[in-house]
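Close look at the chain arrangement
Listed below, chain by chain, are the residues.
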Amino acid sequence: MRIPLTRPAPPRLSEATALLSGIEDRGIFTNFGPVNAAFEADMIEQVFSGQGSCTTVCNATLGLMLAIRSVTLTRQQGRRNYALMPSFTFAAAAHAAMWCGLTPLFCDIDPDNWAADPQAEEAMLEAHGQDIALLMPYATFGYDIDLARYERLSKKFNVPVVVDAASSLGTVSADGAGFGTGSAIPMVFSMHATKSFAAGEGGLIYSTDKTLIDTIKTMSNFGFGAPRTATMPGLNAKMSEVAALLGRLRLDGFLEIIERRQALVDIYRRFLPELQFQAAGPARQAHQFASALLPAFLAPQREQIQRALAQDGIGLAAYFSPHLAQQAYFLETCEAGTQFVADDVAARIISLPLYDSMTDDEVLEVVAALQNAMRAAAAGPPALLVEMAGD
Ligand SMILES: *Cc1c(COP(=O)(O)O)cnc(C)c1O
């Protein structure tokens, strides 16, 4: 692809040989070594305005599992143990809940910001009450969801909350602090190569509740609360020193990267008025790619449009289509409310290319190619030539 969907650009380890030698010379490769400790301190200082605590993990999926398990440790057995989450999200969210013995219960999403629909969510909390063991919203594509509302819901329905903030590192809320700052609800962030904070593989759990973060850290190291003695549930989710080094290096110039990506998305918004973009939050948003909805009449032609762009060397995807309640495994094992909005959004969504080094001209090239492809798709069924050139 000339213009791929993403062009992951984690920091260049090949240019950090002195720092790598430092790790080798110390002979400490993992188990919360000095690079990891420095990285956690950097994140609190630079992303969370010096407030709260965090612990690293080797990826956000294991981070979600640990966070979910830590807030449901005292859960009484014998109930149905639903994890209430939106259906329009990534498979990792449902998998993590299921590894913790919970059954995902999918609610519909808001048509403008594509996060869990507050009305659907509250109707399910009213209807299922004590059977809901966990509320697990997703800060959709880095959107600044209302955390104060989740704190209120948590108290009102006596249910713990874990936020899937996988794509939110770089999002800044209205008060100017990183998304999640000051909240006791555990937030789970990803540092996967395709996320805006690209470090390869990695994750971070943040909360102002230091005891909770300490528990999660212990759980991520086999539950060893005393030397080599398990005192609680555990697994191995530790971040290696090399991964922590990548994270530290990623912080250099991160603000500029997030601003650059936001500026690129703004160009898409300006030149593609025929698409419906995600509602813009009050704050700066971290963008993984540029997501938008095709006009409804073009939804059935999405694959044709995708093929046309591929012929122009442009990568187009459709995150998250199908949404979770449409996927075979989750259909069999989970429960779902009506998904009128999620069905519509998943049918129309397209993910447009975005990467740190993308130029304004490349965005305009994508805009022109997409507009051509949409015009051709609107004109009628795919031409024979396009059909033959496809897969
Ligand atoms: C990427 C992602 C995850 C998983 O993150 P990893 O670090 O790759 O495990 C979970 N939830 C959502 C919504 C994501 O986009």
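None of the values given here were measured: they were computed from a predicted structure. (Residues numbered from 1 in each chain as written. Predicted model: local features only at pLDDT ≥ 70, side-chain atom pairs only at ≥ 80, totals over all residues. Heavy atoms only, no water.)

Considering the overall build of the protein chain
Looking only at helices and strands, the protein chain features 14 helices and 13 strands. Taken against the 2.2 N^0.38 rule, which gives 21 Å for 391 residues, the C-alpha radius of gyration of the protein chain at 21 Å falls within 12% of a compact globule. Summarising its shape, the C-alpha atoms of the protein chain cover approximately 70 × 55 × 40 Å along the three principal directions. For the protein chain, the residues scored as buried account for 55% of the 391 residues in total. Nonlocal contacts in the protein chain, meaning residues at least 24 apart in sequence, comprise 73% of its contacts between residues at least 6 apart. A total accessible area of about 16500 Å² is found for the protein chain, and carbon and sulfur atoms account for 53% of it. (Helix = DSSP H or I, 4+ residues; strand = E, 2+ residues; numbered from the N terminus. Rg over C-alpha atoms; globule rule 2.2 N^0.38 Å. Buried < 20%, exposed > 50% of the residue type's maximum accessible area, 1.4 Å probe, protein only. Contact = heavy atoms within 4.5 Å. Areas by Shrake-Rupley, 256 points an atom, 1.4 Å probe, with all protein chains shown as cover.)

Section: helix H7 (residues 210-219)
When you tally the buried positions in H7, you get seven out of ten residues, the bulk of the element. Within the span of H7, buried status applies to Leu212, Ile213, Thr215, Ile216, Lys217, Thr218 and Met219. With a side-chain oxygen lying 3.2 Å from the backbone nitrogen of Thr211, the N-terminal cap of H7 falls on Asp209. (Polar contact = N/O pair within 3.5 Å; in protein donor to acceptor, adjacent residues only side chain to side chain.)

Let's talk about the sheet that holds strand S12 (residues 335-336)
Strand order in the open sheet formed by four strands is S4-S2-S3-S12, with parallel pairing between adjacent strands. With partners counted over all chains shown, the strands left at the sheet margins are strand S4 (132-135) and S12, one partner each. Examined bridge by bridge, strand S2 (residues 82-86) and strand S3 (residues 103-107) share five bridges and lie parallel to one another. Pairing of Leu84 across the sheet is with Leu105, part of S3. Packed onto the sheet, helix H5 (residues 118-128) meets S2, S3, S4 and S12 and runs at close to 135 degrees relative to S3. (Pairing = 2+ DSSP bridges. Axes fitted to C-alpha atoms, helices over the stretch in contact; angles between N-to-C directions.)

Looking at the nonpolar core
A general feature of soluble globular proteins is that nonpolar side chains tend to end up buried together. Core analysis: the biggest nonpolar cluster contains 48 residues, and Met43, Ile145, Val163, Phe179, Met187 and Phe189 have the highest contact counts within it. If one sorts the elements of this core by residue count, helix H8 (residues 241-251) sits on top with five residues. (Core = buried A, V, L, I, M, F, W, Y, C linked by side-chain atoms within 4.5 Å.)

Points about the environment of Gly203
Mapped onto the elements, Gly203 comes out in strand S7 (residues 203-207). The class for Gly203 is buried, based on a relative accessible area of 0%. Sequence separation of Gly203 and Thr181 is 22 residues, and the distance between their C-alpha atoms is 16 Å. In contact with Gly203, other than residues within four places in its own chain, are Thr55, Thr56, Val57, Cys58, Asn59, Ala60, Phe189, Ser190, Met191 and Met239.

Nothing here speaks to function; it is geometry throughout.
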